Amino acid sequence: MRQPPHYKLLCCWLVGLLCCGLSGYVRATVVSDRLQQLLDNRARQPLAGQAELTFIIESSAPRPTIQAAIHSVAGKLRYSHDRRYEVRMLPGPVQQLLARLPADAVARLPYPHATTATVSLGVSTSGAADMQTLGQDGSGIKIGVIDLGFGSLASSQNNGELPLTGYGLTVTDYTGSGTGDTSHGTNVAEIVHDMAPGAELYLAKINTELELQQALTDMIATGVQVINHSVAWFGAAFYDGTGPLCDITNTAGNSGVLWVNAAGNYRNQHYLGTFTDTDADGRHEFAAGQNSNSVTLTYKKTYTFILNWDAYPTTSVDYDLYLYSGDPDAGGTVVASSRNAQSGHGQN
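The structure contained in this document is the topic of the report that follows. None of the values given here were measured: they were computed from a predicted structure.

1. Some thoughts on the overall build of the protein
Scanning the protein from terminus to terminus reveals nine helices and 17 strands. Counting across all 348 residues of the protein, residues that qualify as buried make up 45%. By sequence separation, contacts in the protein at least 24 residues apart represent 78% of the contacts at least 6 residues apart. Roughly 16600 Å² of accessible area belongs to the protein as shown, and the carbon and sulfur atoms make up 51% of that amount.

In structure tokens:
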């Protein structure tokens, strides 16, 4: 990692698609390296049967300009907020769209995110049963659960773990791909229902930050008073209370909605430190005389490595990230790297 020593670094590794680096742009319209890598991979696949691609465009140009460019290549503008636009389209015409966007446009994949296991011990541990005995069971309250999927929802309803749809429960799919995929959201909703069995539940499946924003907007309009979002997001900011995800939660708070979010689940999968280079070799020192940090990977699993630093929302500070097989100072070989220059145009 190369850069002056006054910026803090944060690096995390997560199970997922191997993709190093948050930034790196390849054309006049700024394209993140994650999106460009995906486009390059899709270009090598047969056209028949290719799935649509969802990505984000950021631009300060007027909305009609962005909308016209998207529609000119048969793209679908699904959601928009402020200067961000969620687009879904086949991979083939994406390069045409990028060529038609304004000069300040940034195109990127949605921020990565993940959930963790859910265990329902809340009622006994918190003493909620006593409150329910006193009649405080959430009646008259609307609670939202925004999550990445509600698989096995019907089974949960049939088993009496959740109310029937339309009878105390409403579910909305903002992804366009159905409410399933993972049962994490269903498990979270079951916990909420255990704690507040009288509350009316609003479930929303999302996959991008724009879908998250739309789900929040709709829940505010419906009168939801509490929202649970047991999802961790990565690469959106430096985890210091700023950035687009925090802007969304602030919107909830400013509208009188109590936002409850998972936090800390990935603490042991992060490294955090201030860039240090006492020997002036251009490499970060994780410890005295140590220019690398070891990570044990499991065979046949893929991993995502994210390098993040406290220079948002735009930066010309340029770090490089290298993944080695073996000690880089003892014959290790580079497996992957992110060396794209940070130009100050945008993030991710």
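2. Re the packing of aromatic side chains
Going through the model one piece at a time under the given rule, you end up with six aromatic pairs. Judged by centre distance (6.1 Å) and plane angle (50°), the rings of Tyr 79 and Tyr 174 are tilted. One end of the pair, Tyr 79, is in strand β4 (residues 76-81); the other, Tyr 174, is in the loop between β9 (169-173) and α7 (184-195), with 95 residues separating them in the sequence. Assessed through its relative accessible area of 7%, Tyr 174 is described here as buried. Pairing Phe 234 with Tyr 266 gives two aromatic rings, centres 5.3 Å apart and planes at 85°, and the pair type is edge-to-face.

3. Side note on the pattern of salt bridges
The full count for this structure, using the stated rule, is nine salt bridges. Linking Arg 108 and Glu 58 is a salt bridge whose minimum nitrogen-to-oxygen distance equals 2.8 Å. Of the two residues, Arg 108 is situated in strand β6 (residues 106-108) and Glu 58 in strand β3 (residues 53-58); the sequence distance between them amounts to 50 residues. You'll find Arg 108 and Glu 58 in the same group, each marked buried.

4. Overview of the sheet that holds β6
The strands making up a sheet associate through backbone hydrogen bonding, with each pair oriented either parallel or antiparallel. Strands sit in the order β2-β6-β3-β5-β4 across an open sheet of five strands; the sheet is mixed. The open sheet has two edge strands with one neighbour each: β2 (30-31) and β4. As defined by bridge partners, β3 adjoins β6 across three bridges and the pair is classed as antiparallel. Residue pairing across strands places Ile 56 opposite Arg 108, the latter belonging to β6. Packing against the sheet, helix α2 (residues 63-72) makes contact with β3, β4 and β5 (84-89), and its axis sits at approximately 155° to β4. Strands in contact with helix α8 (residues 209-222) are β3, β4, β5 and β6; relative to β4, the strand with the most contacts, it is inclined by about 65°.

5. Side note on α7
Helix length check: α7 (twelve residues) gives 17 Å between terminal C-alpha atoms against 16 Å at 1.5 Å per residue, within 8%. The set of residues buried in α7 consists of His 184, Gly 185, Thr 186, Val 188, Ala 189, Glu 190, Val 192 and His 193. Summarising the contacts, the buried residues of α7 are in contact with β8 (142-147), α6 (153-158), β10 (200-205) and β11 (226-229).

6. A short note on helix α9 (residues 244-254)
Those residues of α9 that sit buried are Pro 244, Leu 245, Ile 248 and Ala 252. What you see down the axis of α9 is that its buried residues fit within an arc of 115°, all on one side. Just downstream of α9 lies Gly 256, where phi reads positive at about 85°.

Each value, and the rule that gives it
- Residues numbered from 1 in each chain as written.
- Predicted model: local features only at pLDDT ≥ 70, side-chain atom pairs only at ≥ 80, totals over all residues.
- Heavy atoms only, no water.
- Helix = DSSP H or I, 4+ residues; strand = E, 2+ residues; numbered from the N terminus.
- Buried < 20%, exposed > 50% of the residue type's maximum accessible area, 1.4 Å probe, protein only.
- Contact = heavy atoms within 4.5 Å.
- Areas by Shrake-Rupley, 256 points an atom, 1.4 Å probe, with all protein chains shown as cover.
- Phe/Tyr/Trp six-rings, centres within 6.5 Å; stacked < 30°, edge-to-face > 60°.
- Salt bridge = Lys/Arg side-chain N within 4 Å of Asp/Glu carboxyl O.
- Pairing = 2+ DSSP bridges.
- Axes fitted to C-alpha atoms, helices over the stretch in contact; angles between N-to-C directions.
- Expected span 1.5 Å × (residues − 1).
- Arc of directions from axis to C-beta.

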